[in-house]
Amino acid sequence: MLYADERGKVYDHPYYRMAGFSGNYPAKINARDLIRLPGFSKLFYIPDCPPIGIDPATGKPEVVELVKVGGRIQKCFAVAAFLEPGFVRSHLPAVDYSRKTYVLPMWGYTAVGFRDNEYYTTGFRIEYNRTWDPKNYDDTNLLKCIERYKKDIGRGPLVEHLTNCAANNHCFAAKNLFFRRWEAPIPVSRYCNARCLGCISLQPDDACRESQERISFRPGL
């Protein structure tokens with residue numbers, strides 16, 4: 001089982017085993033559920049929320065609030081993985097959310113653990129597309145490409161909006177615009193009539209948070 005300290009530093013617990021949520025309930029993770037964490041995945045920690053682990057002596061899930069490290073007692077916070085494109089998660093992270101006072105943005109939080117000096121997660125690959133492979137999105141030259149694009153094309157509100165998408169939201173499609181390759185997004189409307197339940201750009205209430213912003217202006221032709 002992984003946990004994080006108050007600064008977000010990640011550790012593997014010396015006793016408790018990894019668990020995952022299947023729906024709203026903790027479940028024991030079997031070896032067949034696990035794959036090595038894909039190399040370009042991310043780790044998150046969830047502040048104020050302790051992890052739920054499996055006690056190997058009883059096989060039962062338990063909330064793990066504290067751990068003793070080097071004679072010092074410290075709080076435990078849950079850890080989750082965000083998988084790279086092309087993978088589907090099978091289990092949510094096992095977390096006690098009862099003390100959470102904030103709303104998490106809508107990311108693909110996935111159960112993650114540690115074994116034999118490697119991270120493992122619960123998921124499987126469904127496709128591979130090199131144009132969405134993170135190794136083809138080296139940000140080293142992104143800011144230079146953005147400035148070059150603005151110098152060549154201009155600095156209108158649409159370009160500034162997509163700059164935020166590329167540099168802050170890390171949208172691969174927006175990065176393609178500035179890398180001048182493959183497919184890139186061109187927002188054309190402030191509105192949408194789909195009303196998707198999991199919309200990532202607009203949520204009508206505080207039940208969850210959108211993870212990016214819609215345009216607030218009318219794009220010019």
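Details of the structure are given in the entry above.
Undergrad: Break down the packing of helix H1 (residues 142-153) against helix H2 (residues 157-167) for me, citing the residues and quoting the values.
TA: Orientation of H1 relative to H2, taken along the N-to-C sense of each, is 170°, at an axis distance of 11 Å. In terms of orientation, H1 lies roughly antiparallel with respect to H2. Between H1, through Leu 142, Ile 146, Tyr 149 and Lys 150, and H2, the contact on the second element is made entirely by Val 159, Glu 160, Thr 163, Ala 166 and Ala 167. Looking at the contact of H1 with H2, its residues break down into six nonpolar, one polar and two charged.

Undergrad: Please provide a residue-by-residue account of H1, values included.
TA: Its 12 residues place the ends of H1 16 Å apart at the C-alpha level, agreeing with the 16 Å of an ideal helix rising 1.5 Å per residue. Among all positions of H1, only Leu 142, Cys 145, Ile 146, Tyr 149 and Lys 150 are buried. All buried residues of H1 lie within an arc of 135° about the axis, which places them on one face of the element. In this structure, H1 carries Leu 143, Lys 144 and Lys 151 as exposed residues pointing more than 90 degrees from its buried face. Those residues of H1 that are buried lie in contact with H2 and helix H3 (172-179). One or two steps after H1, the chain reaches Gly 154, where phi turns positive at roughly 130°.

Undergrad: Give me the sheet that holds strand E3 (residues 19-22): which residues, what numbers.
TA: The sheet built from three strands is open, its strands ordered E4-E3-E13 with antiparallel pairing. Two strands bound the open sheet, and with one partner strand each, they are strand E4 (25-28) and strand E13 (92-93).

Undergrad: Can you explain the nonpolar core? Please cite residues and give values.
TA: Across soluble globular proteins, you tend to see nonpolar side chains buried next to one another. By size, the foremost hydrophobic cluster in this structure holds 14 residues, and its most contacted members are Tyr 149, Leu 162, Ala 174, Leu 177, Phe 178 and Phe 179. Taken together, the elements giving at least two residues each to this core come down to H1, H2 and H3. The element best represented in this core is H3, accounting for five residues. Discounting chain neighbours no more than four positions away, the residues touching Leu 177 are Tyr 149, Leu 162 and Ala 184.

Undergrad: Give a description of the sheet that holds strand E6 (residues 42-46) that names residues and reports values.
TA: Where strands meet in a sheet, backbone hydrogen bonds hold them as pairs that are either parallel or antiparallel. Spatially, E6-E11-E14 is the arrangement adopted by the three strands of the open sheet, whose pairing is antiparallel. Because the sheet does not close on itself, it has two edges, and the strands there are E6 and strand E14 (109-110). Bridge count for E6 against strand E11 (residues 78-82) is five bridges, and the pairing is antiparallel. Directly across from Phe 44, in E11, lies its bridge partner Ala 80.

Undergrad: Explain the pattern of salt bridges to me, using residue names and the numbers behind them.
TA: When their charged atoms lie close together, side chains carrying opposite charge are able to pair. Enumeration over the complete set of coordinates arrives at seven salt bridges. Arg 36 is the salt-bridge partner of Glu 118, the closest N and O atoms lying 3.0 Å from each other. One end of the pair, Glu 118, is in strand E16 (residues 118-125); the other, Arg 36, is in strand E5 (residues 34-36), and 82 residues separate them in sequence. Residue Glu 118 is classed as partly exposed on the basis of its relative accessible area, which comes to 30%. Arg 36 gets classed as exposed once you look at its relative accessible area, which sits at 52%. Linked through salt bridges whose partners overlap, the residues forming this network are Glu 65, Asp 96 and Arg 99.

Undergrad: Got a sec to walk through H2? Specific residues and values, please.
TA: By the burial criterion, the buried members of H2 are Val 159, His 161, Leu 162, Thr 163, Cys 165 and Ala 166. Along its buried surface, H2 packs onto H1 and H3.

Undergrad: Can you tell me about the packing of H1 against H3, naming the residues and giving the values?
TA: In the contact formed by H1 and H3, the axes pass within 8 Å of each other and the chain directions differ by 60°. One element, H1, and the other, H3, form an angle in the oblique class. Crossing angle aside, the handedness with which H1 passes H3 is left-handed. Residue-level contacts link Leu 142, Cys 145, Ile 146 and Tyr 149 of H1 to Lys 175, Leu 177, Phe 178 and Phe 179 of H3. Of the residues that constitute the contact of H1 with H3, the class distribution is seven nonpolar, no polar and one charged.

About the thresholds
Residues numbered from 1 in each chain as written. Predicted model: local features only at pLDDT ≥ 70, side-chain atom pairs only at ≥ 80, totals over all residues. Heavy atoms only, no water. Axes fitted to C-alpha atoms, helices over the stretch in contact; angles between N-to-C directions. Helix = DSSP H or I, 4+ residues; strand = E, 2+ residues; numbered from the N terminus. Parallel < 35°, antiparallel > 145°, perpendicular 65-115°, else oblique. Contact = heavy atoms within 4.5 Å. Nonpolar A, V, L, I, M, F, W, Y, C, P; charged D, E, K, R; others polar. Expected span 1.5 Å × (residues − 1). Buried < 20%, exposed > 50% of the residue type's maximum accessible area, 1.4 Å probe, protein only. Arc of directions from axis to C-beta. Pairing = 2+ DSSP bridges. Core = buried A, V, L, I, M, F, W, Y, C linked by side-chain atoms within 4.5 Å. Salt bridge = Lys/Arg side-chain N within 4 Å of Asp/Glu carboxyl O. Left-handed = near helix turned anticlockwise from the far one by under 90°.

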